[in-house]
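Here's the letter readout for the chains.
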Amino acid sequence: MTNPNAFFFAFSGNLAFAAGNCAIALNRHMKSNDYDIVMFHTRLEECDRQALQQIPNVILRDFDLKENFVQHMLTHIPQESRFRTRNHLMCFAHFEAFRLLSEYKHVVWYDVDIGFQRDCSGIFNYATPLGILPDTPWTVANQFTKPVDGYDMNRPAVCTATMALDDSLPHEAMVQFMYEKAWNYADRLFNPDQAIINLALQEFDITPNLIPPEIFSCFADRNEALTARAVHFGTGNKVWNNTNLCNAFPEWYRTHLEWLSLGGSDFDQTAITPRNAVGTLNSFDRLVNENDLLKREISELKEKLGRKKSLWNCLKNRLS
């Protein structure tokens, strides 16, 4: 270890372009250079491996879950969960962030569907010993399809999309606990890694520091996303498959062009239409203004009709 801090990402080969985007943007915005960017990957194309190796601070490591673990999860994870494919099982690499504490003082995990927009070094301050996102309004029970005995299922849940960890954690024992419990409770895991990490906090009596999402992992549809240090594309709509998101966060797409210039693989761009959003916004403003004008005209017409109706009623009363 030459640096005390690590940003940690894990991804299957189909998301190499997203991981590359994270690494390029981190290097652009971080003011210090006391960090590594550790990337666990599986089934990585050679062109992507070479592209990632050109990005400063990146350390690549092959990673595959044990095959018996994979098969057990694919067989037992309930139908209600969306994590029932081999690629989705990369979510269990969250546990490896804790194992990495044997090499680094601090480890920060980020999902790869993140856009880095500003310096994120402040997130390491939340690793005392563990910082994590709130999962409001969900509870621990919402992470499972049925309760787990011996744990408070009504406790507010945390979200593992972003975590900041310190090596004072009992990380070796935590890793063993998490993989064992994932195996034991596979038939009730709705959000697999998140469910188990919520249990681990109780098992090891850890009170987490809540990382403010509006600063370090802001959902893309929130107003704060414009100025957040990191924006999270944490739904099925991603910046690479939704035109509105692509055009709302142009830095991500410009960074993607840098990734392509390194020889990295592209995603299917037929789902998006990158363009300057100002023209669309101006057209929308015109529609809003026209709608407001129409509303005023309708209101004035109603007032005129109301006066005529009142006058007619007055004349009827006099004639009668």
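Please refer to the structure higher up on the page.
What this report covers is the structure whose coordinates are included nearby. (Residues numbered from 1 in each chain as written. Predicted model: local features only at pLDDT ≥ 70, side-chain atom pairs only at ≥ 80, totals over all residues. Heavy atoms only, no water.)

1. Remarks on the layout of surface pockets
Of the voids in this model, the largest pocket is the one considered here, and its volume is about 1,300 Å³. If you trace the largest pocket, you find 43 residues lining it, with Arg82, Asp111, Asp113, His232 and Gly234 closest to the centre. Going through the elements one at a time, strand S1 (5-12), strand S4 (106-110), strand S6 (130-139), strand S7 (156-166) and helix H6 (192-203) are the ones with two or more residues in the lining of the largest pocket. For the lining of the largest pocket, the leading source of residues is S6, giving five residues. Each residue belonging to the lining of the largest pocket can be placed in one class, and the counts come to 19 nonpolar, 17 polar and seven charged. (1 Å grid on protein atoms, 1.4 Å probe; cavity = no way out; pocket = protein on both sides within 12 Å on 5 of 7 lines; lining within 4 Å. Points joined across faces, edges and corners; volume = space filled by probe spheres on them. Helix = DSSP H or I, 4+ residues; strand = E, 2+ residues; numbered from the N terminus. Nonpolar A, V, L, I, M, F, W, Y, C, P; charged D, E, K, R; others polar.)

2. With respect to the sheet that holds strand S10 (residues 230-232)
Reading across from one edge, S5-S10-S9 is the order of the three strands in this open sheet, with mixed pairing throughout. Edge positions in the sheet fall to strand S5 (114-116) and strand S9 (218-219), since each of these pairs with one other strand and no more. As paired strands, S5 and S10 are joined by three bridges and run antiparallel to one another. Considered in S10, the bridge of isoleucine 114 is made with histidine 232. (Pairing = 2+ DSSP bridges.)

3. Notes on the nonpolar core
Membership of the largest hydrophobic core comes to 53 residues, with the highest contact counts inside it found for Phe7, Phe9, Met39, Tyr110, Phe116 and Ile123. Among the elements that take part in this core, helix H1 (residues 16-29) stands out by supplying nine residues, more than any other. For phenylalanine 7, the contacting residues outside a window of four places in its chain are Leu26, Met30, Tyr35, Asp36, Ile37, Val38, Val108, Tyr110, Cys120, Ile123 and Phe124. Counting residues in hydrophobic clusters, the runner-up holds 52 residues, among them Ala6, Val107, Leu130 and Leu165. (Core = buried A, V, L, I, M, F, W, Y, C linked by side-chain atoms within 4.5 Å. Buried < 20%, exposed > 50% of the residue type's maximum accessible area, 1.4 Å probe, protein only. Contact = heavy atoms within 4.5 Å.)

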